[in-house]
Each structure stands twice: as C-alpha cells, then as structure tokens.
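# Secondary and tertiary structure notes
Take a look at the letters that make up each chain.
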Amino acid sequence: MANILVFINTPTTQPGKAQRELLTLAHRLGEPVVVFGAPATDETVAAIGSLGAGAVYAPSTSLDATLIAGEAALVAGVARTVEAAAVLLPNTADGKEIAARVGIKLSSGVITDAVDVADDLTVTKSVLAGGYTVSARATHGTPVITVKPNSVEPAEATATSPALTNVEVTDAGPAATVASTEDKPASGRPALQDARIVVSGGRGLDGDFTPVEELADALGAAVGASRAATDAGWIEHSYQVGQTGKTVSPQLYICAGISGAIQHKAGMQTSQVIVAVNSDEDAPIFEIADFGIVGDVRTVLPQAAAEIKRRQG
Ligand SMILES: Cc1cc2nc3c(=O)[nH]c(=O)nc-3n(C[C@H](O)[C@H](O)[C@H](O)COP(=O)(O)OP(=O)(O)OC[C@H]3O[C@@H](n4cnc5c(N)ncnc54)[C@H](O)[C@@H]3O)c2cc1C
C-alpha cells in the first residue's frame, strides 16, 4: 500500500480535529506515515498510534530556531525516505509555506486549499473566494497537498504501535533567528480555523464584542471579526476573517453586523451554513446567507444566546 505522509506540526497527547482529519484522509488513500514538526515523546507517538499511524518520524532536536526551513527539509527528506505517494499538510499559513518549500525540494506539484482528495489523488479545492470548486491534480512528482479543516469527518482507526525514527535535520539552510516568543493567553474557545462554529462581528457591533462572545460561548464556538472591527482596535487582528485574515470553513458561520464585502466573503464563503444578522435588509451578506435575520445585533444576539442556554439547561 502506498505511503501517505502526514505532517503534524505540533505533536500532542490529544491530537486535535484537524490532525485527526488528516490521518483519516491518509487512511483512505493508503498507509499513513506521520512526520512531526517537533521532537517526539513516547506519549505523543502513542497518541498518533491511536489514530492508526504506521510509522512516525520526528526531528531529534527542536526546529524552533530554523523556522519553516527546518520543517521543510525534514518533510522533504522523510518523503524521499518512505517514497511517499503524497504529502498532506494542514492548510495553515505555516503548512502552506512548508508545502511550497517541500514542493521545490521534491520538484513536485503543490495544491493548497483542498477540501477533498480522491483515491487517484485528484484534489477538490475552492478558488476565487470560494466562488468556484475545481478538481486539480499534480502532474509532476509527489503531490504536496494542504487540506482545509472541517473537510473530512474524522473516523475511528485501529490503534497501532508505530516505530519512531528520530531524524537529524542538517540541511535546513540559513534561517532567521527567533529572538523571543510569547505564548498567547488561552481564550478557552476553539481555534478559529478549526472550529465547527464561528461567530463573527463587524462594524455593526459598534465597539462592543460582548454579544458576539456570549453567543460564541453559548455555542462552544470561536470568535471571528471583520477587518473594520480589527482595524478599529475592537478586537485583535488575529481574529480577522477574510482575504487578508484567516480563511475559515466551519459547519456554521454566524456573522453579526458585517456587510458582506468581497474581501470578508473570501475568508468564509465555503462555510456550510451561513447565518447573517444585520439591521439593513439590503446588506450584501444576505445574498450568500442561508438564514438571515434583519435586526439589531444588540437585541438579536443576546436573545439567541439566552434561548440556546435555556434549551441546553
Ligand atoms: C485589500 C483589502 C483587503 C481586505 N481584507 C479584508 C479581510 O480580510 N476581512 C474583512 O472583513 N475585510 C477586509 N477588507 C475590508 C472590506 O472591504 C470591508 O471594508 C470590511 O469587511 C467591512 O467590515 P464590516 O462589514 O464589519 O463593516 P461595514 O461594511 O461598515 O458593515 C457594517 C454592517 O453592520 C450593519 N449594522 C450596523 N449597525 C448594526 C446593528 N446595530 N445591528 C446589526 N447590523 C448593524 C450595517 O448595516 C452594515 O451592513 C479588505 C479591504 C481591502 C481593500
């Protein structure tokens, strides 16, 4: 069976949904072989074995100081070693940059924004701000594919005890130096790009994101924002959804007080169900919304949060 190499940037004892989705997809296509972006422990190898990984490769020392160059050298080297039929990576900014470098190292085609991969490695992806769905196929080398979260339903796999191979990464090349890093305080909410539900707010919030945060917490959702909201300083830029922000594709996207500019739609248009709350019945967001509520966010959102909590409790 063909080896399908899966890149897991951050090994963990509790692999997240996006990681489980990549393993599920790899199982469908062949034999999953995992390459970690950081040194492994017995526990992280066992955790990935519980998802059915056939073998695990990991750097023998931290690649933090090499930035993306180290991960790319590692993934390309392991892809050659295991003669991978395809390489799957997460569709994050890092994942895409590593994919690009791996593509160069392997002289292979790179496809980003995949939402599905068929048995013959034909990739389904959305393009032009989600306006079109296309089929694409790498015509050269080992296809290097970044897969969007929430594209595959994670499936149970037979647990394995994968062998760990520690790899010394020597050809990372010159890299920038990381002077310092600062961990972001955890919000307790799911990560924006992995979340099944996202509640986003825009200029219509008029500076107060409380209704968005309360509805998000009632739903166990991530919080997002339009650029108008992040530019105004109402919420950090890391929450921005859109062309120059994050691309999300959750099962449910609720946008509150967001007009629906093309640059915002570019980041959320592939959401499965879109609910829009806007006081202007002619707002363009209603053109792509599955459900629309014409009303004031300060009234509609608290009512929705209260009703959800009432039904939960
Ligand atoms: C190169 C470039 C890149 C960009 N990248 C991005 C990007 O990544 N993401 C992004 O979002 N934008 C991006 N933009 C900006 C984009 O063009 C829009 O300006 C922005 O999305 C507008 O944000 P908004 O919908 O919150 O604000 P507005 O367009 O001002 O809309 C606010 C909406 O709130 C409604 N509203 C007002 N009060 C209430 C209320 N009380 N209750 C309910 N509704 C109310 C209004 O009817 C209106 O529809 C980019 C622009 C450029 C030029």
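Further remarks concern unusual backbone geometry. The phi torsion of most residues other than glycine is negative, and most of the peptide bonds are trans. Look at serine 107: it is not a glycine, yet its phi comes out positive at around 50 degrees. Mapping serine 107 onto the fold places it in the loop between helix 4 (93-106) and strand 5 (110-117). On the basis of relative accessible area, serine 107 is assigned to the partly exposed category, the value being 46%. Its identity as a non-glycine residue notwithstanding, aspartate 113 has a phi of 60 degrees, on the positive side.

Turning our eyes to something else, we now look at the domain arrangement of the chain. Along its sequence, the chain is organised into domain 1 (3-167) and domain 2 (197-312). If you average the C-alpha positions of domain 1 and of domain 2, the two centres end up 31 Å apart. At the interface, 6 residues of domain 1 touch 8 residues of domain 2. For the pair domain 1 and domain 2, the summed buried area comes to about 590 Å², and 50% of that belongs to carbon and sulfur atoms. Inspection of the domain 1/domain 2 interface yields 0 salt bridges. At the junction of domain 1 with domain 2, the criterion picks out 0 residue pairs in polar contact (both at pLDDT 80 or more). Class assignment of the residues belonging to the side of domain 1 that touches domain 2 gives a composition of 2 nonpolar, 3 polar and 1 charged.

Our next topic: the pattern of salt bridges. By the definition in use, this model includes 9 salt bridges. The partner of aspartate 113 in a salt bridge is lysine 96, and the shortest N-O contact between them spans 3.3 Å. Linking aspartate 113 in strand 5 with lysine 96 in helix 4, this pair joins segments that are 17 residues apart in sequence. Looking at aspartate 113, the relative accessible area reads 19%, which means it is buried. When its relative accessible area of 29% is taken as the criterion, lysine 96 is described as partly exposed. With a shortest N-O distance of 3.0 Å, arginine 298 and aspartate 296 are connected by a salt bridge. Judged by relative accessible area, aspartate 296 falls into the partly exposed class, the value being 31%. Overlapping salt bridges, with partners in common, bring together Glu307, Arg310 and Arg311 in one network.

Another aspect to go through is the sheet that holds strand 5. An order of 7-6-5-8-4-1-2-3-9 is seen for the 9 strands of this open sheet, with the pairing classed as mixed. At either margin of the open sheet sits one strand with a lone partner, and together these are strand 7 (132-136) and strand 9 (163-167). Ignoring which end each strand starts from, the neighbouring axes of this sheet average 35 degrees apart. In the sheet, strand 3 (residues 55-59) pairs with strand 9 via 5 bridges, with the strands oriented parallel. Following the sheet pairing, proline 59 is matched in strand 9 by valine 167. In the packing of helix 3 (residues 68-81) onto the sheet, the strands contacted are strand 1 (3-8), strand 2 (31-36), strand 3, strand 4 (86-90) and strand 9, and the crossing angle to strand 1 comes to about 165 degrees.

Surrounding the ligand, one finds 25 residues, the nearest of these being Arg203, Ser226, Thr244, Ser259 and Asn278. Within the backbone of glutamine 243, a nitrogen or oxygen atom sits 3.0 Å from an oxygen atom of the ligand. A distance of 2.6 Å separates a nitrogen atom of the ligand from a polar side-chain atom of threonine 244. Summarising the interface, the protein chains cover 74% of the accessible area of the ligand, which totals 980 Å² for the free molecule. Broken down by secondary-structure element, the contributors of at least two residues to the shell around the ligand are helix 6 (227-231), helix 7 (262-265) and helix 8 (297-312).

This part covers the sheet that holds strand 14 (residues 291-294). The strand order 11-10-12-13-14 describes an open sheet built from 5 strands, whose pairing is parallel. This sheet does not close on itself; its edge strands, each paired only once, are strand 11 (222-225) and strand 14. Neighbour-to-neighbour, the strand axes of this sheet turn through a mean angle of 15 degrees, independent of strand direction. Relative to strand 12 (residues 252-256), strand 10 (residues 197-201) is paired through 5 bridges, and the arrangement is parallel. Across the sheet, glycine 201 pairs through a bridge with alanine 256, a residue of strand 12. Against the sheet, helix 8 makes contact with strand 12, strand 13 (273-278) and strand 14, and its axis sits at roughly 135 degrees relative to strand 13, the strand it touches most.

The rules we used
The residue numbers shown here count from 1 along each chain, following its written sequence. Local features in this predicted model are restricted to residues whose pLDDT is 70 or higher, and side-chain atom pairs enter the listing and the counts only when it is 80 or higher, whereas totals over whole chains, interfaces and linings include all residues. Remark: hydrogens and water are excluded; side-chain values derive from all non-hydrogen atoms of the structure. The way it works is that DSSP assigns letters per residue, a run of H or I at least four long becomes a helix, a run of E at least two long becomes a strand, and they are numbered from the N terminus. Think of it in three bands: residues with accessible area under 20% of the maximum for their type are buried, residues over 50% are exposed, and the middle band is partly exposed, with areas taken using a 1.4 Å probe on protein chains only. Per the annotation, domain bounds derive from an automatic or database assignment of domains. Contact definition: two residues touch when any of their heavy atoms are within 4.5 Å. Buried area: the accessible area, evaluated with a 1.4 Å probe, that two parts lose upon being put together, summed over both parts. One speaks of a salt bridge when a side-chain nitrogen belonging to Lys or Arg is within 4 Å of a carboxyl oxygen belonging to Asp or Glu. N or O atoms closer than or at 3.5 Å make up a polar contact, with two conditions inside protein: a donor-capable atom paired with an acceptor-capable one, and, for residues adjacent in sequence, both atoms drawn from side chains. Each residue is assigned to one class: nonpolar for Ala, Val, Leu, Ile, Met, Phe, Trp, Tyr, Cys and Pro, charged for Asp, Glu, Lys and Arg, and polar for all the others, Gly among them. In this scheme, strands are said to pair when DSSP sees at least two bridges between them. Axis definition: a line fitted to C-alpha atoms, over the contacting stretch in the case of helices. Angles run 0 to 180 degrees between N-to-C directions. Note on definitions. A residue lies near a molecule or strand when any single heavy atom of the residue is within 4 Å of it. Working definition of accessibility: Shrake-Rupley area with a 1.4 Å probe, residue cover restricted to the visible protein chains.

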